[in-house]
Amino acid sequence: MSDDNSRAQERDAGDLRAARLRRVGAVAWPSFFAAGVASVVFFAIVDPSELADITWPHLAISREFGYSIGFFMFWACTLGSSAFTALLLSARVKRAARERRQTLESGQ
Amino acid sequence: MSRPIPLTVVQDPGESLYAAQPKIYPREIDGRFARLRIVAVFVLLGLFYLLPWVRWDGHQAVLFDLPARKFYVFGLTFWPQDFFWLACLLIIAAITLFFFTALAGRLWCGYACPQTVWTEVFLWIERLCEGRRNQRIKLDGGKWTREKILRKSAKQFLWITLSLWTGFTFVGFFTPILDLGHAAASLSFSGWEGFWIVFYGFATYGNAGYMREQVCKYMCPYARFQSAMFDHDTLIISYDEARGEPRGHRKRGVPSVLAISTLAAPPSALDGDSGSPSASGASRSPPSANALGDCIACDACVQVCPTGIDIRDGLQIECIACAACIDACDSVMDKMAYPRGLIRYTTESLLSGRVRRIVRPRTAIYATILTALIVAFAWGVTHRAALIVDVLHDRNALYREMSDGGIENGYTLKLVNKTDLVQNLSIALEDDEPALRIVGKTRVTVEPGQVANVPLTLRADRDGIKGRRRVELLVRNDDDSIHVEHKSEFFAPEEK
């Protein structure tokens, strides 16, 4: 019996890990995609070397470096926003689950 | 008297939003659609890996040269100013996806998506190193023997090599691949090139080697909204429940239900689409003596499924329409000497006995938009302006007053030569403004594909112009094949 229990616990832990991994994927991938689109649109109009001239002219920033900074800046924004949404939603789901459990327990 | 109903929480939503997910070992299958996918893999990945090496007119045929901010696509050169056309191209790609989804379902997922084609290649490598499905399951379950270590490391070596090559090719679309090749030979990448090669390589490795069907199930946005493009006439992969059920094992030689039903049913029960007989709906006659349908419950369709679903449960969001189950079922039907098509490409209309319409409002609208966009794109790209002229007024001072009372305005002319020829350009004032003239040189030579920043001064004589005046500059080449007008403003002090 206890063997069954520990196996079930192991499986639950595995599920939880998989669910977390999937949540990471669901946050990372769409935000990556959105950042990519934003970078393409932004840098089609703005030349990173001109941007470097009007921001930190004393630093030597190559175009490749500019594109990369731009992309990661966009990604940081979209990733942060997606992660925050995921956090807010998961908190609600957890609360709903806790309330349901309490109702069940008090009913018994 | 009331009795408490025993309740248990089946699933705690706080703990797990998803169902349990065992690792999927798709069984290898040969068949019409598997071969079609192999062709697609070779064509698409062949294009991806070889295209950067193709030369055209002395430069890389397809190069999105980010450091130089110039895009070469065979004979065409695009500039950041041509971004509109890139956006147009992306919209065309999206509408094409909508059109083919409405017509034939998830064709994209099954044959063309990078996730599918790279996963396919990674599976080939896995098969090569670790054997077929049962061997792989045994290997993963077994102890770490010498053989297991050897097989696993061979797989990892090939996976990583392919991933790095993929990353290298990807970056080769954005920086000249020959230079990149030289840098690779001497291991002297610039920091960002090296970074993006590893980044893209790692993404390929993770997605095609480990994430696989999880990407389609949990991360892909297209999987979630493609149902918006589906209707009753969209091609789907479906199990013919009426023909297959009740499923069960049987001895060889038991005839197909179709062999019995076709005697009774009229020939109109033939599917117009695949040519395979259908026993759907009303055309089904009473089942054979042993009361079994044509599904022999061999579960081959489940074992080959890369997303691990049972197609017999109906159309599911996880189904990427790879048609592996069709191939599997067809081979089983052949062995049983049953007609093929128990699982097949069909539509909801056909399954419910109606006729399939290919031309319908949805496809007609998508097709019209698509055609219009492609025509506009082709016309626009071939009729792009050969010269881009931008006139920037001096930012620091609106005007300068000269000692003789004349007024000067400074400008910078930005001339982008988008042709592949050297252009000798002359700059003139469009409307003959007697009070205004150009000071300094009016002839400029711009090399092909270069941007020239030309300082330009306009001068008005004393009291010639008051306040703000619209001026029109004309830039043209000698034979007048290039003729661009550009408006700007001239500023002088208001009347005193």
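In this text the structure is predicted, and so the values were computed from the model without any measurement.

### A short note on the overall build of chain B
Right, on to step 1. When you go through chain B residue by residue, the secondary structure sums to 16 helices and 16 strands.
Right, on to step 2. Within the span of chain B, comprising 496 residues, buried residues form 28% of the whole.
Right, on to step 3. When contacts within chain B are restricted to residue pairs at least 6 apart in sequence, long-range pairs at least 24 apart make up 71% of them.

### Remarks on the overall build of chain A
Right, on to step 1. Of the regular secondary structure elements, chain A holds 3 helices and 0 strands.
Right, on to step 2. When the helices and strands of chain A are listed from N to C terminus, the series reads α-α-α.
Right, on to step 3. The globule rule puts the C-alpha radius of gyration for 108 residues at 13 Å, and the 23 Å found for chain A is more than 25% above it.
Right, on to step 4. When its C-alpha atoms are laid out on the principal axes, chain A stretches across 70 × 30 × 25 Å.
Right, on to step 5. Taken across its 108 residues, chain A has 7% of its residues classed as buried.
Right, on to step 6. Contacts in chain A between residues far apart in sequence, at least 24 positions, make up 73% of those at least 6 positions apart.

### Structural notes on the environment of Ala492(B)
All names here are of chain B.
Right, on to step 1. In this fold, Ala-492 is placed in the segment after β16 (483-491).
Right, on to step 2. Separated by 136 residues in sequence, Ala-492 and Arg-356 have C-alpha atoms that sit 73 Å apart.
Right, on to step 3. The residues touching Ala-492, leaving out its near neighbours within four places in the chain, are Tyr-399, Ile-407, Ala-460, Ile-465, Lys-466 and Gly-467.

### Some details on the nonpolar core
Across soluble globular proteins, you tend to see nonpolar side chains buried next to one another.
Residue and element names in this part refer to chain B.
Right, on to step 1. Counting residues in each nonpolar core, the largest one holds 37 residues, and the members touching the most others are Ile-237, Cys-301, Cys-325, Ala-328, Cys-329 and Ile-343.
Right, on to step 2. At the level of elements, α9 (213-219), β6 (236-239), α13 (300-304), α14 (324-335) and β7 (343-346) are the ones that each hand at least two residues to this core.
Right, on to step 3. Among the elements that make up this core, the one with the highest residue count is α14 (7 residues).
Right, on to step 4. If you count residues domain by domain, this core takes at least three from each of domain 1 (32-229) and domain 2 (236-351).
Right, on to step 5. Apart from the residues within four sequence positions on either side, Cys-325 is in contact with Ile-237, Cys-301, Val-304, Cys-305, Ile-311 and Ile-343.
Right, on to step 6. Counting 18 residues, the second-largest nonpolar core is a separate cluster that includes Tyr-411, Ile-427, Val-446 and Leu-473.

### A look at unusual backbone geometry
Residue and element names in this part refer to chain B.
Right, on to step 1. In this structure, the amide linkage connecting Glu-245 to the following residue, Pro-246, adopts the cis form with an omega of -10 degrees.
Right, on to step 2. In this fold, Pro-246 is placed in the loop between α11 (241-244) and α12 (257-264).
Right, on to step 3. In the Ramachandran plot, Ala-323 falls in the positive-phi region, its phi being about 70 degrees despite a non-glycine side chain.
Right, on to step 4. On the neighbour-count criterion, Ala-323 (24 C-beta atoms within 10 Å) is buried.

### Some remarks on the environment of Leu107(B)
All names here are of chain B.
Right, on to step 1. Residue position: Leu-107 is located in helix α3 (residues 107-112).
Right, on to step 2. Taking the C-beta count within 10 Å as the criterion, Leu-107 has 16 such neighbours and is therefore assigned partly exposed.
Right, on to step 3. Here Leu-107 is in contact with Phe-100, Ala-112 and Ala-321, once residues within four sequence places are set aside.

### Some points on the domain arrangement of chain B
Residue and element names in this part refer to chain B.
Right, on to step 1. Domains assigned within chain B are domain 1 (32-229), domain 2 (236-351) and domain 3 (387-491).
Right, on to step 2. Relative placement of domain 1 and domain 3: their C-alpha centres are 48 Å apart.
Right, on to step 3. Taken together, the contact pairs 4 residues of domain 1 with 4 residues of domain 3.
Right, on to step 4. Of the residues that constitute the side of domain 1 that touches domain 3, the class distribution is 1 nonpolar, 2 polar and 1 charged.

### Focus: the sheet that holds strand β13 (residues 443-446) of chain B
Residue and element names in this part refer to chain B.
Right, on to step 1. Reading across from one edge, β13-β11-β15-β16 is the order of the 4 strands in this open sheet, with antiparallel pairing throughout. Each edge of the open sheet is held by one strand with a lone partner, namely β13 and β16. Strand-to-strand twist across the sheet, computed as the mean angle between neighbouring axes with direction ignored, equals 30 degrees.
Right, on to step 2. In this sheet, strand β15 (residues 468-477) lies alongside strand β11 (residues 423-429) in antiparallel orientation, the contact comprising 5 bridges. Within β15, the residue paired with Ser-426 across the bridge is Arg-476.

### Some details on helix α8 (residues 191-211) of chain B
Every α-helix carries 3.6 residues per turn, so stepping three or four residues along brings you back to the same face.
All names here are of chain B.
Right, on to step 1. Between its first and last C-alpha atoms α8 spans 28 Å; for 21 residues at 1.5 Å apiece the expected length is 30 Å, and the two agree.
Right, on to step 2. For α8, the full list of buried residues reads Trp-192, Glu-193, Trp-196, Ile-197, Gly-201, Thr-204, Tyr-205, Asn-207, Ala-208, Gly-209 and Met-211.
Right, on to step 3. Of the residues flanking the end of α8, it is Arg-212, one or two places downstream, whose phi is positive at about 45 degrees.

### Digging into the packing of helix α1 (residues 32-50) of chain B against α14(B)
Residue and element names in this part refer to chain B.
Right, on to step 1. α14 packs onto α1 with a crossing angle of 140 degrees between their chain directions and a minimal axis gap of 7 Å. By the angle class used here, α1 and α14 are oblique. Here Arg-32, Phe-33 and Ala-34 of α1 lie close against α14, whose contacting residues are Ala-324, Ile-326 and Asp-327.
Right, on to step 2. Of the residues contributing to the contact of α1 with α14, the split by class is 4 nonpolar, no polar and 2 charged.

### Some remarks on the sheet that holds strand β4 (residues 70-73) of chain B
Residues and elements named next belong to chain B.
Right, on to step 1. With antiparallel pairing, 3 strands are arranged side by side in an open sheet as β3-β4-β5. Bordering the open sheet on either side are β3 (62-65) and β5 (76-78), each of which pairs with just one other strand. Adjacent strand axes in the sheet meet at a mean angle of 15 degrees, parallel and antiparallel pairs treated alike.

### Focus: the confidence of the model for chain B
Residue and element names in this part refer to chain B.
Right, on to step 1. When the pLDDT values of chain B are averaged, the result is 85; 90% of them are 70 or greater.
Right, on to step 2. Between the elements of chain B, mean pLDDT differs from a low of 66, seen in α12, to a high of 95, seen in helix α6 (residues 146-172).
Right, on to step 3. Counted against residues more than four places away or in other chains, residues 264-288, with its pLDDT under 50, gives 57 contacts.

### A look at the environment of Arg470(B)
Right, on to step 1. With respect to the element layout, Arg470(B) can be found in strand β15.
Right, on to step 2. The spatial distance from the C-alpha of Arg470(B) to the C-alpha of Ser488(B) is 6.1 Å, given a sequence separation of 18 residues.

How each quantity is defined
- Residues numbered from 1 in each chain as written.
- Chains lettered and ligands numbered in written order.
- Predicted model: local features only at pLDDT ≥ 70, side-chain atom pairs only at ≥ 80, totals over all residues.
- Helix = DSSP H or I, 4+ residues; strand = E, 2+ residues; numbered from the N terminus.
- Buried ≥ 20, exposed ≤ 12 C-beta atoms within 10 Å, placed from the backbone.
- Contact = placed C-beta atoms within 7 Å.
- Rg over C-alpha atoms; globule rule 2.2 N^0.38 Å.
- Core = buried A, V, L, I, M, F, W, Y, C linked by C-beta atoms within 7 Å.
- Domains from an automatic or database assignment.
- Nonpolar A, V, L, I, M, F, W, Y, C, P; charged D, E, K, R; others polar.
- Pairing = 2+ DSSP bridges.
- Axes fitted to C-alpha atoms, helices over the stretch in contact; angles between N-to-C directions.
- Expected span 1.5 Å × (residues − 1).
- Parallel < 35°, antiparallel > 145°, perpendicular 65-115°, else oblique.
- pLDDT = per-residue confidence, 0-100.

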